Every structure is written in C-alpha cells, then in structure tokens.
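If you want the building blocks of each chain, they are given just below.
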Amino acid sequence: VNIVGRDIASVEGFNYSNALQNVEAEQWTPQELDAWLTNPREYAPGTTMSYQGLRDAEDRANLLTYLYELQQ
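### So, the nonpolar core
Ranked by internal contacts, the top residues of the largest apolar core, which has 15 residues, are Leu20, Trp28, Trp36, Tyr43 and Ala44. Among the elements of the structure, α1 (18-21), α2 (30-38) and α4 (57-70) are those that each provide at least two residues to this core. Residues contacting Trp28, with those up to four places away along its chain left out, are Ile3, Val4, Gly5, Arg6, Asp7, Ile8, Ala9, Leu20, Leu33, Trp36 and Tyr43.

Right under this line is the structure:
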C-alpha cells in the first residue's frame, strides 16, 4: 500500500474523475495528501468523490503517519 510518493490517479483499473487526473501535482507527497484529505473538492474542483474531507489537523496528521508507516 504505497501511497506516499505514488503518482496521483495512477492505480490501473480505477475510474478516477477527470478533476483528479488533471491536478497539477504529479505525486502524493505528504503536503498533497494533506490538502486532498482536508477538502477533496477544493483540491480537485469537479471531483465526483462524495468524501467531504477530514477537517481535524491532528486526525490528518495521524492518518498521514499511518500511511507513511505502511511503506516501511
């Protein structure tokens, strides 16, 4: 489950919205993931994802730490 450092919208066979496929960033850095997790519709305007975001900064930091540790 390598997410940090992976190319955005790159999992083969997944139907990504055009909004996510067209974001300027190329990879999921911690900063990009934080922005996406905070507010996906602001990060990728026009996204079809119904996820509203994770507003609590500490919760996002914990999730990002968890995702990073999965790669170790």
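From this point, the discussion proceeds with the structure in view.
### A look at the packing of aromatic side chains
Counting across every chain of the model gives four aromatic pairs. Measuring from centroid to centroid gives 5.9 Å for Trp36 and Tyr43, while their planes differ by 80°, and the two rings are edge-to-face. For the pair formed by Trp36 and Tyr43, the shared burial category is buried. An aromatic cluster is present here, built from Trp28, Trp36 and Tyr43 joined pairwise through their rings.

### Quick look at the pattern of salt bridges
Following the criterion strictly, the structure yields one salt bridge and no others. The salt bridge partner of Asp34 is Arg60, with a shortest N-O separation of 2.7 Å. Of the two residues, Asp34 is situated in helix α2 and Arg60 in helix α4; the sequence distance between them amounts to 26 residues.

### A few points about unusual backbone geometry
One can expect most non-glycine residues to show negative phi and most peptide bonds to be in trans. One non-glycine residue, Ala9, adopts positive backbone phi at about 55°. Relative to the elements of secondary structure, Ala9 occurs in the segment before α1. Exposure remark for Ala9: the relative accessible area of 22% places this residue in the partly exposed category.

### Describing α4
Its 14 residues give α4 an end-to-end C-alpha distance of 20 Å, which sits within 8% of 20 Å, the value for a rise of 1.5 Å per residue. Along α4, the positions that sit buried rather than exposed are Arg60, Leu64 and Leu67. The arc that holds the buried residues of α4, viewed along the axis, is 60°, so those residues lie on one side. Looking at α4, the residues exposed on the side facing more than 90 degrees away from the buried face are Glu58 and Glu69.

What counts and how
- Residues numbered from 1 in each chain as written.
- Predicted model: local features only at pLDDT ≥ 70, side-chain atom pairs only at ≥ 80, totals over all residues.
- Heavy atoms only, no water.
- Core = buried A, V, L, I, M, F, W, Y, C linked by side-chain atoms within 4.5 Å.
- Buried < 20%, exposed > 50% of the residue type's maximum accessible area, 1.4 Å probe, protein only.
- Helix = DSSP H or I, 4+ residues; strand = E, 2+ residues; numbered from the N terminus.
- Contact = heavy atoms within 4.5 Å.
- Phe/Tyr/Trp six-rings, centres within 6.5 Å; stacked < 30°, edge-to-face > 60°.
- Salt bridge = Lys/Arg side-chain N within 4 Å of Asp/Glu carboxyl O.
- Expected span 1.5 Å × (residues − 1).
- Arc of directions from axis to C-beta.

Note that all results are geometric; they support no functional claim without further evidence.
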